[in-house]
Amino acid sequence: NRAYKPFFATDSESTLTSYNRLRALSLARWGYANVPVLKAATDLMARLTVGTGFLPTPTRSSPAIGKLYDAYFLSRTQSIGFLAGESLDELLLHDCRAVDIDGDIGYLMTEDENGLEKLQVIEAHRIATGAVKDPQCIDGIWVDKYRRRAGFNVRIPSDPTLPLTDATKRIAPRDFIYMAE
């Protein structure tokens, strides 16, 4: 006879250390890069999820106003990516892959040198506790006394040629879009 082993759903904070989280992230990225069937399955799942992107349908009774809304939306999302001016559809595809591989991803809402709104991708390895010793910061996510998200810790690269340091910056929730599986 087998012994009964109860399973209780718990927060990953109590079952995974920060090191184990980064190790799992590293192995998942290695698998995506080196196992062709895993890469193909992940890419297919992302493509099937996103499709050709999405376009909101205005609920206005006037088709002319609806066309204006569509044109405005497209003009704002054609080059919303911060680094290379990616479209919203490209970012959605990247989101799906990143969440399936890494487990989470973030976007810092910022603007470019011309004052246009942009979304800067913050990949999972940059959402980290770093040198912070506060128990309210769990794997780079600040929580309040009710365990609601109160901020995000983002690693700050000092030099693109050097590895990331433990230097982090706290980002307010209103300036950060966080997605996780």
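Bear in mind the structure is a predicted one, so any value in this text is a computation, not a measurement.

**Student:** Quick question: what am I supposed to make of the side chain of Thr 129 here?
**Tutor:** With respect to the helices, strands and loops of the structure, Thr 129 is situated in the loop between β2 (117-123) and β3 (137-138). Of the residues examined, Thr 129 reaches a relative accessible area of 15% and is grouped as buried. Here Asp 139 takes part through its backbone nitrogen, which lies 3.1 Å from a polar atom of the side chain of Thr 129. Among the polar contacts made by the side chain of Thr 129, one reaches the main-chain amide nitrogen of Gly 140 at a distance of 3.0 Å. Setting aside its immediate chain neighbours within four residues, Thr 129 contacts Cys 137, Ile 138, Asp 139, Gly 140, Asn 153 and Thr 168.

**Student:** Any chance you could explain the sheet that holds strand β1 (residues 104-111) here in plain terms?
**Tutor:** The strands making up a sheet are joined through hydrogen bonds of the backbone, oriented either antiparallel or parallel. Across the sheet, which stays open at both edges, the three strands sit in the order β2-β1-β7 with antiparallel pairing between neighbours. This sheet does not close on itself; its edge strands, each paired only once, are β2 and β7 (176-180). Strand-to-strand twist of the sheet, defined as the mean angle between neighbouring strand axes without regard to direction, takes the value 20°. Bridging between β1 and β7 involves five bridges; their strand directions are antiparallel. Each bridged residue has a counterpart across the sheet, and for Tyr 107 the counterpart in β7 is Ile 177. Together, β1, β2 and β7 form the strand contacts of helix α5 (residues 88-102), whose direction differs from that of β1 by roughly 145°.

**Student:** Would you mind going over the pairing of strand β5 (residues 149-155) with me for this structure?
**Tutor:** As a general feature of sheets, a regular strand has side chains that alternate between the two faces. When you tally the buried positions in β5, you get five out of seven residues, the bulk of the element. Note: strand β4 (residues 141-143) against β5, three bridges, orientation antiparallel. The partner of Trp 142 across the bridge, within β5, is Gly 151. Once β4 ends, the chain turns through five residues before running back antiparallel as β5, passing Arg 147 with a positive phi of about 70°. Both β5 and strand β6 (residues 168-171) contribute to a ladder of four bridges, which runs antiparallel. Bridged to Asn 153 within β6 is Arg 170.

**Student:** What is the right way to read the sheet that holds β5 from this model?
**Tutor:** A sheet is described by the order of its strands in space; here four strands give the open sequence β3-β4-β5-β6, paired in antiparallel fashion. One side of each edge strand has no neighbouring strand; the edge strands of this open sheet are β3 and β6.

**Student:** Just to check I follow, could you spell out the packing of helix α2 (residues 18-34) against helix α3 (residues 36-50) for this structure?
**Tutor:** Two quantities define a packed helix pair, namely the angle between the helix axes and the distance between the axes. Relative orientation of the contacting elements α2 and α3 amounts to 95°, with a least axis distance of 5 Å. Classed by the angle they form, the pair α2 and α3 counts as roughly perpendicular. Residues Gly 31, Tyr 32 and Asn 34 of α2 touch α3, and the partners they reach there are Pro 36, Leu 38, Lys 39, Thr 42 and Asp 43. By residue class, the composition of the contact of α2 with α3 is three nonpolar, three polar and two charged.

Thresholds applied
- Residues numbered from 1 in each chain as written.
- Predicted model: local features only at pLDDT ≥ 70, side-chain atom pairs only at ≥ 80, totals over all residues.
- Heavy atoms only, no water.
- Helix = DSSP H or I, 4+ residues; strand = E, 2+ residues; numbered from the N terminus.
- Buried < 20%, exposed > 50% of the residue type's maximum accessible area, 1.4 Å probe, protein only.
- Polar contact = N/O pair within 3.5 Å; in protein donor to acceptor, adjacent residues only side chain to side chain.
- Contact = heavy atoms within 4.5 Å.
- Pairing = 2+ DSSP bridges.
- Axes fitted to C-alpha atoms, helices over the stretch in contact; angles between N-to-C directions.
- Parallel < 35°, antiparallel > 145°, perpendicular 65-115°, else oblique.
- Nonpolar A, V, L, I, M, F, W, Y, C, P; charged D, E, K, R; others polar.

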